[in-house]
Amino acid sequence: MKIAFAIQRYGLDINGGAELHCRYIAERLSKYCDVEVLTTCSRDYITWKNAYRAGVERINGIPVRRFEVDRERNPDRFGRLQDEILRLPHTESDELRWMDEQGPASTRLIQFIKKNQDQYQFFIFFSYRYYHSFHGIRTVPHKSLLVPTAEPDSIIHFKIFKGLFHLPQGFVYNSVEEKRQIQCLSSNYQVPGDVVGVGSEIPDVSDGQAFRRKFNLDGPFLLFVGRIDENKGCGQLFDFFLRFKAETDSPLKLVLIGAEVMKIPDDPRIVHTGFIGDKDKFDALNACELLIMPSFYESLSMVLLEAWGMGRPTLANGNCRVLMGQSIRSNAGLFYTNYEEFKRSLLYFQSNPDAARMMGENGRRFYRENYTWDIIEQKYLRLMEKVRN
Amino acid sequence: MKDVKIPSHQIDVVEIMKKIRQSSANNRTELTRDDRTRREAKSEFQTLIQNAQLPEPIAEQIKQQMVFEPYDPRTLYVSKRSGIGSLIGIIRRLLRPITKMFLNVDPLAHEVYRLTALNNLYLRAIQDLVHKTSALQVEMYHNRKRTGRHRGRDEQRYNNSGPNHRRHRERTHHRRESGENRNPQPARMNSAAEPSAQ
């Protein structure tokens with residue numbers, strides 16, 4: 001069996017959620033079937049500028065076939081159009097124009113799929129909202145599986161997607177909430193799908209002290225891992241954390257791991273390590289009291305799962321249904337919707353270390369029962385089998 | 001994935017969150033209504049900004065600044081370059097009639113000025129609306145709490161009273177429901193339920 005993964009960007013140096021997710025799954029499924037990745041030459045998700053060479057290269061043993069994008073995205077023009085479409089009544093042709101502006105528009109990629117569809121048994125498309133998925137699924141609906149990676153934002157309400165969600169032969173959802181959202185919006189109940197998500201390589205051994213030594217940290221700390229961005233809820237996190245510190249005598253610090261996109265408050269109680277490798281990340285998870293996930297929009301938080309895999313409790317933004325749902329199902333984390341709940345949740349963790357430890361254990365069990373690679377791989381294979389039959 | 005909760009060592013995050021929310025609600029009553037309204041309004045406004053997905057610098061400006069500086073059309077001709085800035089400004093002003101022959105930006109500048117003023121008005125109106133909505137929410141919360149307290153107290157009195165009292169009260173209530181009032185004196189139970197614990 002030969003399957004193709006179609007994704008907007010692909011590479012070892014690309015750390016976007018969906019892209020990393022796709023790479024992990026492609027590498028894992030290569031044990032069972034011939035896998036190829038179809039992608040663009042883009043590296044930058046703002047402009048989609050062609051940065052890699054077109055053609056075939058191997059990444060971690062997987063053949064990756066790259067196609068040039070027809071044109072770069074003009075961020076200003078796209079921003080204006082999106083703003084207009086989101087605010088004003090609009091037609092489907094406006095939405096199609098939005099899709100073209102958004103990109104990454106690569107007609108070569110779509111033509112390749114059309115011409116060579118017989119070579120592949122399945123095309124697994126990642127991220128419903130991009131050009132490659134929208135046009136790719138319409139080209140080969142009878143061989144498509146979709147991993148939507150949908151967030152509960154306004155884009156998913158576009159009319160063009162309602163029809164799209166009926167075309168694939170199967171769905172691989174990231175969470176129960178994502179599945180409910182897509183089914184409610186499009187009524188595509190007849191399309192088979194499973195909630196799968198993604199696994200991670202949790203190390204057997206990690207060294208929290210090494211992380212503390214490396215970044216000169218002492219005392220308990222909260223950990224945030226991800227892009228430090230207003231869109232990830234970091235602005236609210238900083239407000240809440242500094243207010244919490246002003247109102248209580250808690251010794252907690254806030255440690256941030258990830259690229260800085262917004263300004264971080266200049267405060268000694270907030271420590272930014274910058275972008276670090278996986279080993280340091282797992283050492284940090286080992287050393288922290290709990291992981292915090294302040295994002296308003298997530299289709300699945302890989303780092304939340306990693307924290308649970310490491311036996312750490314979590315505190316998540318309860319305004320994000322996915323995060324709240326995951327926390328309740330795992331029984332491994334609390335969630336806040338305002339400052340009072342944020343503060344009281346942190347105080348609860350501080351004054352109930354046994355409960356925090358037990359939540360961590362629940363998280364570890366939840367991870368093992370749902371997100372180990374064996375389980376993820378089997379779910380993909382089962383879905384493909386079901387669709388084939 | 002199983003859509004069920006894993007049985008665990010007596011930990012239930014939903015129960016914990018209920019308790020946290022309850023204690024948070026109790027704490028809120030200790031604040032004055034004004035404080036609470038201000039706090040709710042701030043939180044609502046920040047959520048509004050967050051959900052609008054504005055570019056970060058603009059979101060930050062809106063959070064920090066109450067009112068934007070009205071756009072000054074004269075700045076079209078001003079240069080802030082150190083040293084030669086004033087000279088550039090003079091040249092621009094001198095060349096203005098010639099520039100105008102090709103492109104007249106003056107109406108645009110005045111329109112931007114008008115839009116800034118309007119935006120300030122909208123921003124204030126939104127802030128005002130958020131504040132008023134929060135005040136209403138706080139008011140509703142207090143009303144609901146008061147109603148709940150009254151209901152609870154009445155029910156308790158009803159249950160604590162003996163069967164004779166209960167029968168009398170039910171008879172009186174029935175008469176009132178049917179518009180009949182043979183006894184002009186208020187029933188003892190009702191008079192006892194005057195707000196004493198307000």
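Residues numbered from 1 in each chain as written. Chains lettered and ligands numbered in written order. Predicted model: local features only at pLDDT ≥ 70, side-chain atom pairs only at ≥ 80, totals over all residues.

## Quick word on the overall build of chain B
Looking only at helices and strands, one finds seven helices and zero strands in chain B. Listing the helices and strands of chain B from first to last along the sequence gives α-α-α-α-α-α-α. Counting only residues that meet the buried cut, chain B has 6% of its 198 residues in that class. Intrachain contacts of chain B at a sequence separation of at least 6 include 65% that bridge at least 24 residues. (Helix = DSSP H or I, 4+ residues; strand = E, 2+ residues; numbered from the N terminus. Buried ≥ 20, exposed ≤ 12 C-beta atoms within 10 Å, placed from the backbone. Contact = placed C-beta atoms within 7 Å.)

## Some points on the pairing of strand β2 (residues 34–40) of chain A
Residues and elements named next belong to chain A. Summarising burial for β2: six of the seven residues are buried, a large majority. Note that strand β1 (residues 2–6) and β2 share five bridges and pair parallel. Bridged to K2 within β2 is D34. Regarding topology, helix α1 (residues 17–29) serves as the crossover connection from β1 to the parallel β2, and that connection is right-handed. Across four bridges, the pairing between β2 and strand β4 (residues 62–67) is parallel. Directly across from V37, in β4, lies its bridge partner V64. (Pairing = 2+ DSSP bridges. Right-handed = clockwise from strand over helix to strand, strands pointing away.)

## As for the interface of chain B and chain A
Counting residues at the interface gives 24 residues for chain B and 28 residues for chain A. Taken together, the elements giving at least two residues each to the side of chain B that touches chain A come down to α1 (13–30), α2 (33–51) and α3 (56–64) of chain B. No other element matches the 10 residues that α1(B) contributes to the side of chain B that touches chain A. Looking at the side of chain B that touches chain A residue by residue, the class counts come to nine nonpolar, nine polar and six charged. (Nonpolar A, V, L, I, M, F, W, Y, C, P; charged D, E, K, R; others polar.)

## With respect to the sheet that holds strand β13 (residues 314–317) of chain A
All names here are of chain A. Pairing is parallel in the open sheet, where six strands are placed in the order β11-β10-β9-β12-β13-β14. The outermost strands of the open sheet, each flanked by one partner alone, are β11 (270–274) and β14 (333–336). The average angle at which neighbouring strand axes cross in this sheet is 25°, direction not considered. Across five bridges, the pairing between strand β9 (residues 221–225) and strand β10 (residues 253–257) is parallel. Residue pairing in the sheet places L222 in a bridge with L254 of β10. (Axes fitted to C-alpha atoms, helices over the stretch in contact; angles between N-to-C directions.)

## Some points on the packing of helix α2 (residues 75–87) of chain A against helix α3 (residues 92–102) of chain A
Residue and element names in this part refer to chain A. Axis separation between α2 and α3 bottoms out at 10 Å; the angle between their running directions is 155°. When the axis of α2 is compared with that of α3, the two are roughly antiparallel. As α2 packs across α3, the resulting crossing turns out to be left-handed. Residue-level contacts link R77, F78, L81, Q82 and I85 of α2 to D94, E95, R97, W98, E101 and Q102 of α3. Each residue belonging to the contact of α2 with α3 can be placed in one class, and the counts come to four nonpolar, two polar and five charged. (Parallel < 35°, antiparallel > 145°, perpendicular 65-115°, else oblique. Left-handed = near helix turned anticlockwise from the far one by under 90°.)

## Focus on the nonpolar core
Residues and elements named next belong to chain A. Counting residues in hydrophobic clusters, the biggest one holds 111 residues, and the most contacted among them are F5, L223, C288, L291, I292 and L304. Among the elements that take part in this core, helix α11 (residues 302–309) stands out by supplying six residues, more than any other. When residues of this core are sorted by domain, at least three fall in each of domain 1 (2–199 + 373–388) and domain 2 (208–370). Discounting chain neighbours no more than four positions away, the residues touching F5 are C22, A26, V35, V37, L38, I124 and F126. (Core = buried A, V, L, I, M, F, W, Y, C linked by C-beta atoms within 7 Å. Domains from an automatic or database assignment.)

## What to know about the sheet that holds β2(A)
Strand pairing within a sheet occurs via backbone hydrogen bonds; the two strands may be parallel or antiparallel. Residues and elements named next belong to chain A. One open sheet holds the eight strands; their spatial order is β3-β4-β2-β1-β5-β6-β7-β8, and the pairing between them is mixed. What marks the edges here is a single partner per strand, and that holds for β3 (55–59) and β8 (193–195). Within the sheet, the average angular offset between the axes of one strand and its neighbour, ignoring direction, is 20°. Sheet topology places strand β5 (residues 122–126) next to strand β6 (residues 144–147); four bridges connect them, and they run parallel. Bridged to F123 within β6 is S144.

## Quick look at the confidence of the model for chain B
Residues and elements named next belong to chain B. For chain B, the mean per-residue pLDDT works out to 70, and 65% of the residues sit at or above 70. Element-level mean pLDDT values for chain B span from 37 in helix α7 (residues 188–192) up to 88 in helix α4 (residues 85–102). Note on residues 1–7: pLDDT under 50 across the span, and 12 contacts to partners over four residues away in sequence or across chains. When the criterion is pLDDT under 50, residues 161–198 qualifies, and its contacts beyond four places in sequence or with other chains add up to 16 contacts. Scored as a whole, the predicted complex attains pTM 0.66, and scored at its interfaces, ipTM 0.79. (pLDDT = per-residue confidence, 0-100.)

## Examining helix α12 (residues 321–330) of chain A
Turning to α12(A), its buried residues are A:V322, A:L323, A:M324, A:Q326, A:S327 and A:S330. Within two residues after α12(A), A:N331 carries a phi angle of roughly 60°, on the positive side.

## Brief notes about the packing of α11(A) against helix α14 (residues 353–370) of chain A
Residues and elements named next belong to chain A. Between α11 and α14, whose axes approach to 7 Å, the crossing angle comes to 115°. Taken together, the axis directions place α11 and α14 in an arrangement best described as roughly perpendicular. Here α11 contributes L305, A307, W308 and G309 to the contact with α14, which in turn contributes G363, R364, F366 and Y367.

## What to know about the environment of A:N216
Relative to the elements of secondary structure, A:N216 occurs in the loop between α8 (208–214) and β9. Separated by 55 residues in sequence, A:N216 and A:V271 place their C-alpha atoms 10.0 Å apart.

## Things to note about the pairing of β14(A)
All names here are of chain A. Covered by surrounding structure in β14 are G333 and F335 together with L334 and Y336, the residues of both alternating faces. Alignment of β13 against β14, held across four bridges, turns out to be parallel. Residue N317 lies in a different strand from β14, and its bridge partner there is Y336. Once you follow β13 into α12 and on to β14, the crossover reads as right-handed.

## Regarding the environment of A:Q326
Residue and element names in this part refer to chain A. The topology assignment puts Q326 in helix α12. Residue Q326 is classed as buried on the basis of its 31 C-beta neighbours within 10 Å. C-alpha of Q326 to C-alpha of A316: the two residues are 10 residues apart in sequence and 9.6 Å apart in space. If we skip the residues at most four places from it in the chain, Q326 touches S175 and L304.

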